[in-house]
Protein chains: 2
Amino acid sequence: MLERRLSRMQEALQRASLDALVLNPGPTMAYASGLSFHLMERPVIFVVPPEGRPALILPEFERTKGEASPLKPTLFTYAEDPAARAATFEAAASQLGLPGRRVGVEPLRMRVFELRLLEAAAPGTQFLSAEEVITAVRVAKDEAEVNSMRHAVCAAEAALQATIPLLNPGMTEREAASELTVQLLRAGSDSELPFPPIVASGPNSALPHAVPTDRRLQAGDMLVIDWGATVEGYISDLTRTLAFEPVDPELARVHAIGLEATRAGRAAVRPGVACAEVDRAARQVIEAAGYGEFFTHRTGHGIGMEAHEPPYIRGDNAETLVPGMTFTVEPGIYLPGRGGVRIEDNVVVTPQGCECLSSAPRELRGVA
Amino acid sequence: MLERRLSRMQEALQRASLDALVLNPGPTMAYASGLSFHLMERPVIFVVPPEGRPALILPEFERTKGEASPLKPTLFTYAEDPAARAATFEAAASQLGLPGRRVGVEPLRMRVFELRLLEAAAPGTQFLSAEEVITAVRVAKDEAEVNSMRHAVCAAEAALQATIPLLNPGMTEREAASELTVQLLRAGSDSELPFPPIVASGPNSALPHAVPTDRRLQAGDMLVIDWGATVEGYISDLTRTLAFEPVDPELARVHAIGLEATRAGRAAVRPGVACAEVDRAARQVIEAAGYGEFFTHRTGHGIGMEAHEPPYIRGDNAETLVPGMTFTVEPGIYLPGRGGVRIEDNVVVTPQGCECLSSAPRELRGVA
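Conventions and cut-offs
Residues numbered from 1 in each chain as written. Chains lettered and ligands numbered in written order. Predicted model: local features only at pLDDT ≥ 70, side-chain atom pairs only at ≥ 80, totals over all residues. Heavy atoms only, no water. Helix = DSSP H or I, 4+ residues; strand = E, 2+ residues; numbered from the N terminus. Rg over C-alpha atoms; globule rule 2.2 N^0.38 Å. Buried < 20%, exposed > 50% of the residue type's maximum accessible area, 1.4 Å probe, protein only. pLDDT = per-residue confidence, 0-100. Domains from an automatic or database assignment. Contact = heavy atoms within 4.5 Å. Buried area = accessible area lost by both parts, 1.4 Å probe. Salt bridge = Lys/Arg side-chain N within 4 Å of Asp/Glu carboxyl O. Polar contact = N/O pair within 3.5 Å; in protein donor to acceptor, adjacent residues only side chain to side chain. Nonpolar A, V, L, I, M, F, W, Y, C, P; charged D, E, K, R; others polar.

Peer 1: Explanation requested: the overall build of chain A in the structure shown.
Peer 2: In terms of regular secondary structure, chain A is built from 10 helices and 19 strands. A globule of 368 residues ought to have a C-alpha radius of gyration of about 21 Å, and chain A, at 23 Å, matches this closely. Its C-alpha atoms put chain A at 70 × 45 × 35 Å along the principal axes. In chain A, buried positions account for 60% of the 368 residues.

Right under this line is the structure:
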């Protein structure tokens, strides 16, 4: 499998006229090499040449891990003294013929730290965004990848199911988020969650990217829960909106609109359709109901090994859907100071249309 | 508190002759601004000028979050279309007078993504490492920070205590790590752990940065458990080595040596001592016992808001300790293919010497 991924990546590099791809720790490195390193203050770089064997620059004390890679990369190791790194990077760059070439990097992942080491080791090299190369290889998931995501959705749904009976007024958002995390692990998620669960209550639910606070859940609150699991390196990312009685009638109406918008978004998904059309389908429902100005973000984003990856379901994205793409559909409506609603599903584009991976109840549930 | 941090940071910028500091989401942004953003595909930049009010570049839909900051930064927001970002970055850079200046960045945090946006918005600007400026401000913790770390150590120790009775042969490393994660949350850790717990058994315990696998724990295994909690944004990072009977006599001896090395490292800590001396104190014990070549990493690293930060306890680091510095002391001995031992404590430098924050039993405990 890794060999096949490597050769697809090398073909994509050749098409993009790049002389190499340099990856630091993260999902793309794991996808391409099977190697999982923490992103830390010791640089680790996986180098994919346009053909032939890849290379790996890493600390000497991690050599065993590099040697275990089935791709058998050429290893360049450095000792603990940070001053020793430059020579290792230079040796690697020169042996791999990087100086003066066009080398691809992952802009959302590669840090100034690694970039400066590479720039010093490979004078005259242009470090260019390889985002398109990487997306081309990773964006359409195969059946094994989709299966892992199914498991990640199942684990997340089981965790919410187990958490709902434990929610009660007086509990803080942070406590509710911790409980949900515990249930995610119990349900089989890897301990590295895709993101810490969001539990946003009352006025905080009107913040699209709220962080759980010490605010206590209370009567009349909307409760936006945005959470996901990681299984076999693949993630789920769901949102459901609950409420503590008595529910503000306008917010209940807004919930029904959000529900219809999510449904309309899902219904628009099929091969050949532009990302923008999916966004438009969801957005029109909210605009038609008079809440357009309160839907302040895009309709969704790709998911897979990462919680945010292409394709982005935005009104300005003309990119068309192909089978195997997996993404969220998550319109939201946020009334500042009062409360918000978001309902988020995970879908996969199929040759026929769309399969929705998530099935947890979406209607407004009053709790406690 | 944020005002005091801001003015200390501004003084440090002036001393370093930097015209501004630009921070992307992470601990330093949180430390300086109180703002917590996910690191994602939408850039968020906090700009600290050498004097006066800071600024914040962020998505329009996050404006409310920016407005809530007690530092009242000048806000520059951009719309969802990625093409809209360049104009916002240019307006910010020009209004803040960044073009052609010397601007500090955090190399371990800032990505090529944000760097390229800033480079385009501020032609002729040099983006330089501000690591020393940031370290100068953050490295010595105040009493409130140390107290949070005490709580993080307590939570971690309680979690291990609760997990040990649940460990048994036949369970996988991954299951043991999940159980420990659950117990960390039960013990009061924030759901964003400093790092996913490491449980490394048998031959895997000889890998210093092992990732939990599906290997089942079994008789005769050494069991290296490296874990930590996050409380109030501060972390703990501990390691204990357990064993399943019967224990290989050499590995038991190695454990006793590791224990003595950790003790010697802690005993060397006091103000004015070089980081290298602490490393040497721990390393000498292992070298004298004939296992020097199997201690393949530095003795420790700073901790605080991050799991790895200055000061680094390395043999080549002449930097001297000052009160308030907090770091790990974690010598290890790794016999490839057989097993490893690591015992890790968390210490704070006091005016008188050293306070060890961790107290969980360190001796070799046989489990099950």
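Peer 1: Looking at this structure, how should I read the side chain of S148 of chain A?
Peer 2: Mapped onto the secondary structure, S148 of chain A falls in helix α7 (residues 143-163). For S148 of chain A, a relative accessible area of 7% puts it in the buried group.

Peer 1: Whenever I open this one, the confidence of the model for chain A confuses me. Can you help?
Peer 2: In low-pLDDT segments, the atomic positions of the prediction should not be examined closely. On average, residues of chain A carry a pLDDT of 95, and 100% of them reach 70 or more. Across the whole predicted complex the pTM is 0.83, and at the interface the ipTM reaches 0.82.

Peer 1: Just to check I follow, could you spell out the domain arrangement of chain A for this structure?
Peer 2: Frequently, the measure chosen for interface size is the accessible area removed from exposure when the parts meet. Residue and element names in this part refer to chain A. Assigned domains within chain A: domain 1 (2-138) and domain 2 (143-366). Spacing between the C-alpha centres of domain 1 and domain 2 amounts to 35 Å. Residue-level contacts link 7 residues of domain 1 with 6 residues of domain 2. Note on domain 1 versus domain 2: buried area summed over both sides is about 570 Å², and carbon and sulfur give 48% of it. Counting across the domain 1 and domain 2 interface gives 3 salt bridges. The partner of E309 in a salt bridge is R138, with the nearest N and O atoms 3.0 Å apart. Connecting domain 1 to domain 2 are 3 residue pairs in polar contact (both at pLDDT 80 or more). Class assignment of the residues belonging to the side of domain 1 that touches domain 2 gives a composition of 3 nonpolar, 1 polar and 3 charged.

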